[in-house]
Amino acid sequence: MKFVALFFLLGGFFFTTVAAIGVIRFPDFYTRLHASGKGDTLGVAMSIIGLAIYNGFNLISLKLMFIVVFIFLANPIGTHVLSRAAYRSGIKPWVRKGE
Amino acid sequence: MSVNNGTSRRAELIQFVVLSLALFVFWFILSGRTDAKHIIIGIVTAIVTSWICRPVLRLKSTTNRGEVIAAYNLPYIKLIPYIFWLLWEVVKANIDVALLVLNPKMPIEPLMVKFKKSMSNPVAHALLANSITLTPGTITVDVQDGVYTIHALTKSAALSLAPEKGEGEMPTRVGKLFNEK
Amino acid sequence: MLDNFFVVLMVGLIFIVMLMLFRVFKGPTVFDRLNGLGVIGTDAIVILVLLGFLEKRVDMYVDIAISYAILGFISLVVIAKYLEGKGDANS
């Protein structure tokens, strides 16, 4: 059981790190949203599932699972609200030059 | 907006009771206490909250003006296989994005695409927009009158969601889920 | 047994938060800053729960994490709604 928890925690940490690197590296606002909207959702959800498995089955794990469900519902909505606000303020998407 | 025929009033009452029960269970999970004081406070809070939230749960149809759709009216059983399919898509999406981020040359060519999907239930629109954001290489930028504006990271991602003719896999699945053409 | 691993994980997450602070301070548009803040908010949830496991008080820290998640999401939505259509003063 500990090893399953370890696997989930490591996977979650990997995806969170990838999201952070993406937010630093990508060239414009919309592409950065790709990194944070996907990588962060799965990364945080996997980390918290790993912690819930480590904790065993009780009330605290139930609350942790509630956090996971909330993240899966709320993070895409946050991404969408941000991108829509940027789109309606007239921020242009970046395109690769020289084509 | 007044609802005066008897059946919808009855449906509203059932919805009120179910919402109160759900909120009370939620309270119970969060508090974790079983003494009388906490349970009474929980019951009162649940009833007051669901009473205040009644108008929020009556959604307006997006295609047919004036028609009212209840927010709790979802195909719960058909939703379960969809969620598992979605989880698998989310894992694939993350591996895709991880490969793009860690690739030193970063082979991305972002573009915006639009496609139209007319569904009357606002919950279906919300579900589709959320799913698009979570799946490979696409995020929803704007939804207006059923027209989706999508920002895609690569060209193949855009084509898989909005091909030249017909419609992509995900809008079809959500449409089937809610029994809309 | 996993305690040392939790400490390592927490240090890594705090490092990620520092990276995001770089984006928050530098970010060319105001929406980039907001995006960075959102990532910090979601990572802080994991940091809080890990802190709870280290201090052996998970029952308390989980409640804090739940309220932090809800508050972070609501503030993100409210600020984004406020900025919608206003454009950006910096660019």
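Throughout what follows, the structure given in this document is the object of discussion. (Residues numbered from 1 in each chain as written. Chains lettered and ligands numbered in written order. Predicted model: local features only at pLDDT ≥ 70, side-chain atom pairs only at ≥ 80, totals over all residues.)

## A look at the overall build of chain B
Counting secondary structure elements, chain B contains six helices and five strands. What you see in chain B, going N to C, is helices and strands ordered as α-α-β-β-α-β-α-β-β-α-α. Pairs at least 24 residues apart make up 60% of the contacts formed inside chain B by residues separated by at least 6 positions. (Helix = DSSP H or I, 4+ residues; strand = E, 2+ residues; numbered from the N terminus. Contact = placed C-beta atoms within 7 Å.)

## A look at the interface of chain C and chain A
Interface size is often expressed as the accessible area that is lost when the parts come together. Contacts between the two partners involve 39 residues from chain C, matched on the other side by 39 residues from chain A. Residue assignment for the side of chain C that touches chain A shows that the elements contributing at least two residues are helix 1 (3–26), helix 2 (30–55) and helix 3 (58–83) of chain C. Looking at the side of chain C that touches chain A, the element that brings in the most residues is helix 2 of chain C, giving 13 residues. Of the residues belonging to the side of chain C that touches chain A, the class tally is 23 nonpolar, eight polar and eight charged. (Nonpolar A, V, L, I, M, F, W, Y, C, P; charged D, E, K, R; others polar.)

## Let's talk about the interface of chain B and chain A
Taken together, the 24 residues of chain B in the interface contact 29 residues of chain A. Looking at the side of chain B that touches chain A, the elements with two or more residues in it are helix 3 (76–102), helix 4 (122–134) and strand 4 (138–144) of chain B. Element by element, the count of residues in the side of chain B that touches chain A is highest for helix 3 of chain B, at eight residues. Here the residues of the side of chain B that touches chain A sort into 16 nonpolar, six polar and two charged.

## A few points about the environment of Thr149 of chain B
Residues and elements named next belong to chain B. Tracing the sequence through the fold places Thr149 in strand 5 (residues 147–152). Given 17 C-beta atoms within 10 Å, Thr149 falls into the partly exposed group. Separated by 33 residues in sequence, Thr149 and Lys116 place their C-alpha atoms 8.9 Å apart. For Thr149, the contacting residues outside a window of four places in its chain are Met112, Lys114, Val141 and Asp142. (Buried ≥ 20, exposed ≤ 12 C-beta atoms within 10 Å, placed from the backbone.)

## Side note on the sheet that holds strand 5 of chain B
As summarised here, the arrangement of the three strands in space is 3-5-4 (chain B), forming an open sheet in which the pairing is antiparallel. Edge strands, defined here as strands with exactly one partner in the open sheet, are strand 3 (111–116) and strand 4 of chain B. Direction aside, the axes of adjacent strands within the sheet are offset by 25° on average. The pairing of strand 4 of chain B with strand 5 of chain B spans six bridges and is classified as antiparallel. Residue Asp142 of chain B lies in a different strand from strand 5 of chain B, and its bridge partner there is Thr149 of chain B. Across the sheet, helix 3 (residues 59–88) of chain A is in contact with strand 4 and strand 5 of chain B; its angle to strand 4 of chain B comes to roughly 65°. Lying on the sheet, helix 4 of chain B is in contact with strand 4 and strand 5 of chain B; it crosses strand 4 of chain B at an angle near 150°. (Pairing = 2+ DSSP bridges. Axes fitted to C-alpha atoms, helices over the stretch in contact; angles between N-to-C directions.)

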